[in-house]
Amino acid sequence: MKKVIHIVGARPNFMKVAPIHRAIAARTPLQQILIHTGQHYDVKMSDVFFSDLGLPAPDVHLGIGSGSHAQQTARTMVELEKVFLEHKPDLVSVVGDVNSTVAAALVSSKLAIPLAHVEAGLRSYSRHQPEEINRVVTDRLADLLLTPSRDADANLLKEGLEPDRIHFVGNVMIDSLLASKERAEQLPVLKSLGLAPHGYAVCTLHRPSNVDDPRVLGGLLSAIAHVASRIPVVFPVHPRTRKMISEQGLGSAFERNPNLRPVDPMGYLEFLALTSQARLILTDSGGLQEETTALGVPCLTLREQTERPITVEEGTNEVVGTDPDRIREAADRALNGQGKKGRVPEYWDGRSGERIADLFARFLSVEQGSLRAVSA
Ligand code: UD1
């Protein structure tokens, strides 16, 4: 039986792998092995996602943990090489742009194991962003480049990658969102936080460029406090951000403002319940820019650029940077009912996992019956 190894490591990976895993099990005779690198290890950053998304427990857990980029990537590579040599997969599938992604890409390529990259082709064109380096390297090495949007195809072609490696499959993360939304909204999350539907905002921050520099983080917190002077703002705080707020003594922003509500990182379903019914979202997350577009909720991206321009061109996203005045002004506009409206992009339809499963089966020549073409 042909074997596919999936790599997950960090929080944004889990909701991308779950629909692919499910579709492969339902539609192909492929054997699947799930490897968790352990890049994220807290229950709230990792374990809860497996139960929320119906993802089976990992077959192998590498326990890599935190460290510098070199340490984290190198440790992951050393451990993954052993696992790949033991299991001899026919295909390694990686998602997104975290350090676990690039580590797996390097190891599989050096062992001449075919590599698929789900969410290929996204570019911020800023090499200051560690994820950009991970994206460029992984795409260079992948045999199958599975893209979420047409702009990603164009980026890959511009870089000289062969057209027959590129397959537009749509946004697999939106498969998870559509499959979970109804269930999420039945949870008593709003009630337990004392919130009314569409009567609150949600904020997340975790990019090193936003949270590691106290001046930038202080400015962002002051803009968020302004939003909280108008409506409650729920702020699930990433461990990196929590550490920086405490080290830099920035916690007073919360003490002064009872409407600004820091909470622990949330599970997938709880967080979806919160975002799907929010009036406004402020974030530096890549995934959340896409989820808000799929949900039709206005999103202010607190970064200077996005690798997901389709969320701006077609969706509800506005890239507003990190200048507090500009954020305040955009938030006021959105809260006054002039938030960005949008439509859902092509192939963000809940069926990307199926397209990927069919493509893997065809690539490994194990398809049964007729498979429809997956790339346009
Ligand atoms: C990583 C990804 C980023 C992704 C983000 C989602 C890279 C380069 N970055 O960033 O693309 O958007 O995950 O969260 O891969 N920590 C904990 N518990 C955990 C995990 C981390 O406390 O379970 C703390 C540690 O102090 C750690 C810090 O968070 O040093 C940063 O974790 P790390 O995995 O290095 O990167 P993220 O900032 O989470």
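Residues numbered from 1 in each chain as written. Predicted model: local features only at pLDDT ≥ 70, side-chain atom pairs only at ≥ 80, totals over all residues. Heavy atoms only, no water.

S.K.: Teacher, can you tell me more about the environment of methionine 1 here?
M.R.: Locating methionine 1 in the fold gives a position in the segment before strand S1 (3-8). Sequence separation of methionine 1 and arginine 140 is 139 residues, and the distance between their C-alpha atoms is 28 Å. If sequence neighbours within four positions are ignored, methionine 1 has contacts with Pro29, Leu30, Gln31 and Asp90. (Helix = DSSP H or I, 4+ residues; strand = E, 2+ residues; numbered from the N terminus. Contact = heavy atoms within 4.5 Å.)

S.K.: I tried to follow helix H1 (residues 11-27) on my own but got confused; where do I start?
M.R.: Helical periodicity: at 3.6 residues per turn, an α-helix aligns residues three or four positions apart in one direction. Largest kink in H1: about 30 degrees, centred on valine 17, with the proline proline 19 one to four residues after it. Taken together, the buried positions of H1 are occupied by Asn13, Phe14, Met15, Lys16, Val17, Ala18, Pro19, Ile20, His21, Ala23 and Ile24. (Bend = angle between axes of the 7 residues up to and from the residue. Buried < 20%, exposed > 50% of the residue type's maximum accessible area, 1.4 Å probe, protein only.)

S.K.: Just to check I follow, could you spell out the nonpolar core for this structure?
M.R.: Membership of the largest hydrophobic core comes to 56 residues, with the highest contact counts inside it found for Ile20, Leu146, Tyr200, Tyr268, Leu274, Ile356 and Phe360. Every residue in contact with isoleucine 356, bar those within four places of it in the chain, is listed here: Ile20, Val118, Leu146, Val169 and Val172. Grouped together as the second largest cluster of nonpolar side chains are 31 residues, Ile231, Val237, Leu280 and Ala334 included. (Core = buried A, V, L, I, M, F, W, Y, C linked by side-chain atoms within 4.5 Å.)

S.K.: Explanation requested: the pairing of strand S4 (residues 91-95) in the structure shown.
M.R.: Along any regular strand the residues' side chains alternate between the sheet's two faces. Counted residue by residue, S4 has 5 buried out of 5 residues, so it is predominantly covered. Both faces of S4 are covered, namely the face carrying Leu91, Ser93 and Val95 and the face carrying Val92 and Val94. Looking at chain direction, S1 and S4 are connected through 3 bridges and run parallel. Within the sheet, the bridge partner assigned to valine 4 lies in S4 and is leucine 91. Relative to strand S5 (residues 115-118), S4 runs parallel, the two being bridged by 4 bridges. Residue pairing across strands places valine 92 opposite leucine 115, the latter belonging to S5. Note that the unit made of S4, helix H4 (residues 99-110) and S5 has a crossover that is right-handed. (Pairing = 2+ DSSP bridges. Right-handed = clockwise from strand over helix to strand, strands pointing away.)

S.K.: Can you walk me through the side chain of arginine 303 in this structure?
M.R.: For arginine 303, the position within the fold is in the loop between strand S12 (299-301) and helix H15 (310-313). A distance of 3.5 Å separates the side chain of arginine 303 from the backbone oxygen of glutamine 305, its partner in a polar contact. Leave out the neighbours within four places in its chain, and arginine 303 touches Gln129, Arg207, Asn210, Asp284, Ser285, Gly286, Gln289, Val319, Val320 and Gly321. (Polar contact = N/O pair within 3.5 Å; in protein donor to acceptor, adjacent residues only side chain to side chain.)

S.K.: Can you help me understand the confidence of the model for the chain in this one?
M.R.: In this model, the chain carries a mean pLDDT of 96, and residues with pLDDT of at least 70 account for 97%. Long-range and interchain partners of residues 369-376, a stretch whose pLDDT sits below 50, account for 20 contacts in this model, where long-range means more than four residues apart. (pLDDT = per-residue confidence, 0-100.)

S.K.: How should I be thinking about the sheet that holds S12 in this particular structure?
M.R.: Strand pairing in a sheet relies on backbone hydrogen bonds, with the paired strands running either antiparallel or parallel. In spatial order, the strands read S10-S9-S8-S11-S12-S13; together these 6 strands make up an open sheet with parallel pairing. In this open sheet, the two strands that pair with only one neighbour each are strand S10 (260-263) and strand S13 (317-319). Between one strand axis and the next, the sheet turns by 20 degrees as a mean value, whatever way the strands run. Here 4 bridges tie strand S9 (residues 233-236) to S10, and the two strands are oriented parallel to one another. Across the sheet, valine 233 pairs through a bridge with leucine 260, a residue of S10. Together, strand S11 (280-283), S12 and S13 form the strand contacts of helix H16 (residues 324-338), whose direction differs from that of S11 by roughly 160 degrees. (Axes fitted to C-alpha atoms, helices over the stretch in contact; angles between N-to-C directions.)

S.K.: I'm lost on the state of the cysteines in this one. Help?
M.R.: In a disulfide, the sulfur atoms of two cysteines are covalently bonded to one another. For the coordinates displayed, the defined rule picks out 0 disulfides. No disulfide involves cysteine 203; its sulfur sits 11 Å from that of cysteine 299, the nearest cysteine. Given a relative accessible area of 0%, cysteine 203 falls into the buried group. (Disulfide = S-S within 2.5 Å.)

S.K.: What am I meant to see in the site of the ligand here?
M.R.: Residues in close proximity to the ligand total 18 residues, the closest being Gln39, His40, Asn99, Glu131 and His206. The contact in question runs from an oxygen atom of the ligand to an N or O atom on the backbone of asparagine 99, over 2.8 Å. For the ligand, an oxygen atom lies 2.5 Å from a polar atom in the side chain of glutamate 131. Contact with the protein chains hides 88% of the accessible area of the ligand, taken as 740 Å² for the molecule alone. Those elements that provide at least two residues to the shell around the ligand are helix H3 (69-87) and helix H11 (239-247). Among the elements that make up the shell around the ligand, the one with the highest residue count is H11 (3 residues). (Near = heavy atom within 4 Å. Areas by Shrake-Rupley, 256 points an atom, 1.4 Å probe, with all protein chains shown as cover.)

S.K.: Could you clarify how one ought to interpret the pairing of S11 in this entry?
M.R.: Alternating residues of S11 divide into Leu280 and Leu282 and Ile281 and Thr283, and every residue in both groups is buried. Relative to S11, strand S8 (residues 201-204) runs parallel, the two being bridged by 4 bridges. When the sheet's bridge partners are listed, cysteine 203 is paired in S11 with leucine 282. Here S11 pairs with S12 via 3 bridges, running parallel. Note that in S12 the partner of leucine 282 across the bridge is leucine 300. Running through helix H14 (residues 286-295), the crossover from S11 to the neighbouring parallel element S12 is right-handed.

S.K.: Hey, could you run me through the packing of H4 against helix H5 (residues 130-141) in this one?
M.R.: Running from amino to carboxyl end, H4 crosses H5 at an angle of 30 degrees, the nearest separation of the two axes being 9 Å. Comparing their axes, H5 and H4 come out roughly parallel. Viewed along their axes, H4 and H5 form a crossing whose handedness is left-handed. The residues of H5 that touch H4, namely those facing Asn99, Thr101, Val102, Ala105, Leu106 and Ser109, are Asn134, Val137, Thr138 and Leu141. When its residues are assigned to classes, the contact of H4 with H5 shows 5 nonpolar, 5 polar and no charged. (Parallel < 35°, antiparallel > 145°, perpendicular 65-115°, else oblique. Left-handed = near helix turned anticlockwise from the far one by under 90°. Nonpolar A, V, L, I, M, F, W, Y, C, P; charged D, E, K, R; others polar.)

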